[in-house]
Structures are given as structure tokens and as C-alpha cells.
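Breakdown of the fold
One-letter residues, chain by chain:
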Amino acid sequence: MAISARRTKGGTVYDVRLRYPLGREYSRTFPTKKAAQQFEHTERADRFRGGWIDPRRSSVKFRDVAEEWLVSNPGKKPSTLVRDRSTLDVHLLPDLGDCAVGQITPADVQRLVRLWSSKLAPRSVRRQYAVLRAVLTFAVDTDRITRSPCRRIKFPEVDPVRHRIVAPDELKRLADAVGESSAPMVYLAAVLGMRWGECAGLKVGAIDFDSNTIAITSQLTRGHKGAIVDGAPKWQSHRTIAAPQALMDLLSEHLRLRGLSGEDPDPYVFVAPDGRELHYSNWRQRVWVPALKSAGLEGLTFHALRHANATAMVALSVDIKTAQVRVGHKRASTLLDIYAQATTVGDRKAADELGRHFFGDEDGGQGSRDNGHAG
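Calculation criteria
- Residues numbered from 1 in each chain as written.
- Predicted model: local features only at pLDDT ≥ 70, side-chain atom pairs only at ≥ 80, totals over all residues.
- Heavy atoms only, no water.
- Helix = DSSP H or I, 4+ residues; strand = E, 2+ residues; numbered from the N terminus.
- Buried < 20%, exposed > 50% of the residue type's maximum accessible area, 1.4 Å probe, protein only.
- Pairing = 2+ DSSP bridges.
- Axes fitted to C-alpha atoms, helices over the stretch in contact; angles between N-to-C directions.
- pLDDT = per-residue confidence, 0-100.
- Contact = heavy atoms within 4.5 Å.

So, unusual backbone geometry
For residues that are not glycine, phi is negative in most cases, and the peptide bond is trans in most cases. For D143, which is not glycine, the phi dihedral falls at a positive 60 degrees. Looking at the secondary structure, you find D143 in the loop between α6 (122-141) and α7 (168-178). By relative accessible area, which is 46% here, D143 ends up partly exposed. Even without glycine at this site, N212 takes up a positive phi of about 55 degrees. Structurally, N212 is set in the loop between β4 (207-208) and β5 (213-216).

Written as C-alpha cells, this is what we have:
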């Protein structure tokens, strides 16, 4: 018999004895016969369906599975590794670290999301949840659990972020304010949509003055303990972008002032005053923040220039596939959802076009209505 009652000082308990597929016996003890029967039924049903998990594997602590997951992907970027490490240490392991991975339920996950939501912005909650979901998916993939508890979880609404869209005259003021050593970075971000790390990691050999193109093949990111890492971007961010002549001329002059040429393709295009690679935090305090104040653009982020690039491409009717490739995104929907945002000019243009479509005259029917009021 698989279930047997046993008397203890605290009362009667029920032992469930079953065998592993290879024959060795294992047991679990429950305070009620009903709980013991449910466990036995689930174990037998899981075996019949082919979804049985060795209880010893599901009893592994969450922290051990998380540590294994953290180093399981050899292609993970150093900056992503640092971010995931921080999320685990600060937000996940204090609550779930000592829990058996097989005992974490959807209710536990929802409770944690609710706790985060009381303290953090909705986007931060979703970023932390993404790490938790990845760890538990890894637990499924490595046969620790049969099903992830990350299902039907409710989240706070995420309000779309509105970024200030930099106008051409503001961009020129900003480029003048950052100085000649950093001015091309401003235009690379706004005109080509390059990220700061891609600008900082740009090397001389990536600039082709014959074809007026720039290849995005490397970027600088922050690794363990703040160390700067020169690595390749994600595969979808590998791209070669056509650049306007004005930008190529600006880069040519920048290289001339630095005494660089295509004969040596390895030097970084942009460097710190000591000649070493740029560090974002140092560059931000030394160059960016003072320039924003000087240009009257306080609060603007470097990444906002990338938003300006995507929004301009949409406003200029660049086809969405071309725009997606230029900014280096896997999906066109990401470009539209995150980067491109409606502008006042675009809104007015839409109104004028709709007026011409429905009213049939050049001024969208405004003239006929004005004449009517005048009469």
C-alpha cells in the first residue's frame, strides 16, 4: 500500500511511499490522509502523462537555480550580467532565495509583483519580473519543475514615456555646447540613431568615406565592478548605416584634428582627455551635463537623441522596415511603440491631409466655413 498512517507525539501523519523510475523508494509525509492521497494521485498522473519530476530536483533552492541560470548563457553581455546580478541580489533572493523552486506558486509571484508595485515604477516592476520569469523558465527547461508559476500575473499599467524631441536648432546648440571633441557624437545619435555605447565604441575602421556608411560592430558597456567592456552589439544591432555627406564631413574633420586616418583602423573615434576609452558616467558629468545647461536643455538624456531620430524618420515617411534596420531593432513594432512619438507638426500635417481628403479643397474646408460666417 502506497499510503500508511503513522502515530507520532503530535498526532497521526500519513506517509506516501513510491518508487523512482529506476526502482529506489522515496517517501513524503503529510498531516492529513487527503493531502497524502492528492500527492500520490499527482505523482502517478504526472508519470502517466510523461511530466513527472524527481522530487529531489524540485526541492532545489531558488537561489541555486538562479545562480546556475545566471551563467548558463555564454552569449550574455557583461552589462546584462551585471544588471541581472543586481536584480537577483536586491529584489529576488531576499524573498525567494531559500524557497524550494518547486514550491513557488503563482500566488507567490503575484505577491512579489504587488510588493514591487508599491515601491517602484511599473517599468522597473516588469524588468524585475522578466528576470524572475527567466529563472523559472530555466527551472522548467532543466527539469526542476513541470510548469512555471509565472502565469496570469497582473501588472500595474505602464504609462508611455514622453521624451523631449530635439529640434534641429536645439541640436546645433547642443553640439556647439559639448565642444568639438564630442559634437559628432550628438549628430551620430540624432541623425543615425546610434546609442551612446555605440558612439563610444566606434572605431576608425568602421567609417567608410567612399560609400558614406558607418558600420556598427562594437560598443562600450559596463561590466563587472564598473569595468569598461568592448564587445559586439546584439546581432540585430549589427548594422551598416548610410550617412549624409554633412555628417561624413564632420567626422572627417574630427579625425583630422585627432591625427587619425584609415591606415590605422583600430583607434576609437572618441576618447577621454587622457586618450583612453570613454566612461559614460565621467563623460556625462564632464561634458553632457554642463552642455545641457549651456544650451538650455536641462534634463535631456543622450538616449533622447535616438528618440528624435526614430520620430523624424516616421515623420519623414521613411518606410518602417528601413527605419527598423537603421536603429537596430529586431521588430518594427519596437520602433513604433518605444521610440517614435507623435509631434505637433505631424499632428497638424495629419489634420491638413484629412481636411483635404474629406472637404476636398486646399485649406481643408476652412476657407468656405470662414466665408459662411462672414455672410
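Resuming the write-up.
Notes on the sheet that holds strand β3 (residues 25-30)
In space, the three strands of this open sheet follow the order β1-β2-β3, with antiparallel pairing throughout. The sheet is open, and its two borders are formed by β1 (3-8) and β3, each paired with just one other strand. Each strand of the sheet is rotated relative to its neighbour by a mean of 30 degrees, with strand direction disregarded. Of the pairings in the sheet, the one linking strand β2 (residues 11-19) to β3 comprises six bridges and is antiparallel in character.

Topic: the confidence of the model for the protein chain
Looking at the protein chain, the pLDDT average stands at 85 and 85% of residues meet or exceed 70. pLDDT under 50 marks residues 364-375. Its contacts with residues more than four places away, or in other chains, come to seven contacts.

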